[in-house]
Amino acid sequence: MVDRIAGFLRTPPSNITELEYHEALSVARGVYRLPSSYFESAPLSDARARLDAAALQRSASVEAFWIRGEDVAEIAGEPTEAQIREHYERFASTPLNGGEFGIGYTLPERLKIEYIRLDRPAIEEAITPDPLEIRKRYQAQTREREAAGEEVTPFADARDQSERDVTRESADDGIRAAQLAFVGAMGEATRTLESEGPYKRLPEGFEASRPTFEAIAQQMVETVGLPRYPEAQGGSVELPMPEVVRPDNWLWGSQLSALEGFGRAEISIGSARAPVSQVLFAVRELRPELGSRLALQKGLPVTDVPATDARGSVYFYTVLDVRDESQPDSIDEIRERLVDDWKALQAYERMQEFASQAAATAAERGLTAAAIELIDALGASIEAPAPQMIRVSPSAVVLTGGFQAQPIAELDTEPFRDAAMAIFDSLDPLTDIEQTPRAERTLGVPLAATLSLGIGTVESISPLTIEGYRRQADQLDMMLRLDELREALPSGNPFSLESLTARMNVEMIGEDGDDVEAEPEETTPPSEQG
């Protein structure tokens, strides 16, 4: 952290003297010293460090296959209305993706939104660059190169790049013109509204009286088509009709992130950028202490902070409605999810009956035979999954063999990791693993949290060696100290904003004068913050 602060002050502003610079750095070092001493206050003996590190860093290579309940959901059939209702009532009070089975219907904070998309690739596709402008640009670049004594590129070779440059700049002009049209339309609609701090007081019926996004999209097309916006007499800049998207359903964070284009778009706030799918939840009705920076409120389109995605497309958006964490208004709101969850759960419970037999078959005849036999026993029509090599440690289950290890969400659960590590502990690393019968190295584990069944055979083990420990000693020491602190102080980081405000009885006051709660922070040592 100190190095980071020093980096910021390496080129201090003109109004900071050298003395002030060193005073600021001294304060930073003093502040750093207290949390640093706290996070390093759990020294471990050499013997304890080696034992704990060995337990943490062990891993096993396992050949395995796995089947999810949703993969064989067909075997459950279609639920009756009574079964759907019974299933809903069973999990209604469980948070989404929570509980024993990862099933729950208390939905998180959610929104209804609308947005206009200015599709940049489509806009560039619709632009016809003016040949005269392309020639002028080439001639100007040629004069600059000649003046600098550089080699001049023939026009035939430079034409494509000049066309791309003109097209890109024309698209920029068209998007700016469309944005001005949007701002103008909303400015006219909100000009007489009274202010409430950074927000606007929306009169009853405002949503029905303001311009619709469809009308604004048409205005954008007409504005860009005015004579002053075409690139030149020999070219054209035509704006394709912007797409208006207005999902009917409520969307929570992960669903917003999954929306094509918009879900990956970001907005700029000062020098920072943030995903729009997260920023929308700073709406006044959910986060009054955060939303004032953006003045984001329900029912009022955001005019001054559009979102952009990686392709350069631009989005204008509105939060139409908000809902706090709660159960859905009716079963119909999540009916499709209910049916899918019911089928997956029924299929999982059926797979549980065959777990022991599948493991026995895998030990006797191999994993491929076990997978085929299991699919046949279930009566499913899918192809039997092929076994794959995975690596299991006390903290993760990953797929190996590729350029980068990939997490396996279906297997990365405590029961599967514990079963693999139990086999690890039973094996002698100095003895050829083939001398241990396959039956003693094979596991079959029903995984309730992911509604999956995992079958695998341990093919090799990797204990932490002395050389490996020496290479990672400092990092392992810090990890083990943090683990011990977390066990001793489950409440978290005592230097977080939340902990400090609670301990010192500080009241956080929002811009509107309302009391607000500090956001919780995770336990992170100073060495990881810098």
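See the structure above.
Residues numbered from 1 in each chain as written. Predicted model: local features only at pLDDT ≥ 70, side-chain atom pairs only at ≥ 80, totals over all residues. Heavy atoms only, no water.

J.: Run through the sheet that holds strand 14 (residues 452-462), naming residues and quoting values.
T.: Working definition: the strands of a sheet are paired by backbone hydrogen bonds and lie parallel or antiparallel to each other. What the six strands build is an open sheet, ordered 12-11-10-1-14-13; its pairing is antiparallel. Among the strands making up the open sheet, the edge pair consists of strand 12 (406-407) and strand 13 (442-447). Note that strand 13 and strand 14 share six bridges and pair antiparallel. Each bridged residue has a counterpart across the sheet, and for Pro 446 the counterpart in strand 14 is Leu 453. Running at roughly 20° to strand 1 (residues 59-68), helix 15 (residues 367-378) makes contact with strand 1 and strand 14 of the sheet. (Pairing = 2+ DSSP bridges. Helix = DSSP H or I, 4+ residues; strand = E, 2+ residues; numbered from the N terminus. Contact = heavy atoms within 4.5 Å. Axes fitted to C-alpha atoms, helices over the stretch in contact; angles between N-to-C directions.)

J.: Hey, could you go over the packing of helix 4 (residues 81-91) against helix 13 (residues 335-352) for me, with residue numbers and the actual values?
T.: Close contact between helix 4 and helix 13 brings their axes to 10 Å; oriented N to C, the two are set at 85°. One element, helix 4, and the other, helix 13, form an angle in the roughly perpendicular class. The segment helix 4 lies against helix 13, with Glu 81, Gln 83, Ile 84, His 87, Tyr 88, Arg 90 and Phe 91 engaging Arg 335, Leu 338, Val 339, Asp 341, Trp 342, Leu 345 and Glu 349. Grouping the constituent residues of the contact of helix 4 with helix 13 by class yields seven nonpolar, two polar and five charged. (Parallel < 35°, antiparallel > 145°, perpendicular 65-115°, else oblique. Nonpolar A, V, L, I, M, F, W, Y, C, P; charged D, E, K, R; others polar.)

J.: So what's going on with the packing of aromatic side chains? Residues and values would help.
T.: Under the defined criterion, the tally for this structure stands at ten aromatic pairs. Taken together through their ring pairs, the aromatic side chains of Tyr 115, Phe 262, Tyr 315 and Tyr 317 make up a single cluster. (Phe/Tyr/Trp six-rings, centres within 6.5 Å; stacked < 30°, edge-to-face > 60°.)

J.: Can you tell me about the pattern of salt bridges, naming the residues and giving the values?
T.: This model, assessed by the stated rule, comprises 33 salt bridges. Where Glu 214 meets Arg 246, a salt bridge forms, and the shortest distance between an N and an O atom there is 3.0 Å. Residue Glu 214 is located in helix 9 (residues 213-224), and its partner Arg 246 is located in the loop between strand 5 (243-245) and helix 10 (253-257); the two are separated by 32 residues in the primary sequence. Overall, the relative accessible area of 38% leaves Glu 214 in the partly exposed class. Residue Arg 246 is classed as partly exposed on the basis of its relative accessible area of 36%. For Glu 373, the salt bridge goes to Arg 365, with nearest N and O atoms at 3.1 Å. (Salt bridge = Lys/Arg side-chain N within 4 Å of Asp/Glu carboxyl O. Buried < 20%, exposed > 50% of the residue type's maximum accessible area, 1.4 Å probe, protein only.)

J.: With reference to specific residues and values, describe unusual backbone geometry.
T.: Within the chain, Asn 97 stands out as a residue other than glycine whose phi angle is a positive 60°. Classification of Asn 97 as exposed rests on a relative accessible area of 51%. Positioned with a positive phi, Leu 451 is a non-glycine residue whose angle comes to about 50°. Examined against the element boundaries, Leu 451 turns out to sit in the loop between strand 13 and strand 14. Looking at Leu 451, the relative accessible area reads 8%, which means it is buried.

J.: Account for the side chain of Asp 165, with residues named and values stated.
T.: You can see Asp 165 is positioned in helix 7 (residues 155-190). Taking the relative accessible area as the measure of exposure, Asp 165 reaches 12% and is therefore buried. Residues in contact with Asp 165, not counting those within four places in the same chain, are Arg 137 and Gln 141.

J.: Can you lay out helix 4 for me, pointing to particular residues and giving the numbers?
T.: Buried within helix 4 are the following residues: Ile 84, His 87, Tyr 88 and Phe 91. All buried residues of helix 4 lie within an arc of 100° about the axis, which places them on one face of the element. Those residues of helix 4 that are exposed and angled more than 90 degrees off the buried face are Ala 82, Glu 86 and Glu 89. Those residues of helix 4 that are buried lie in contact with helix 13. (Arc of directions from axis to C-beta.)

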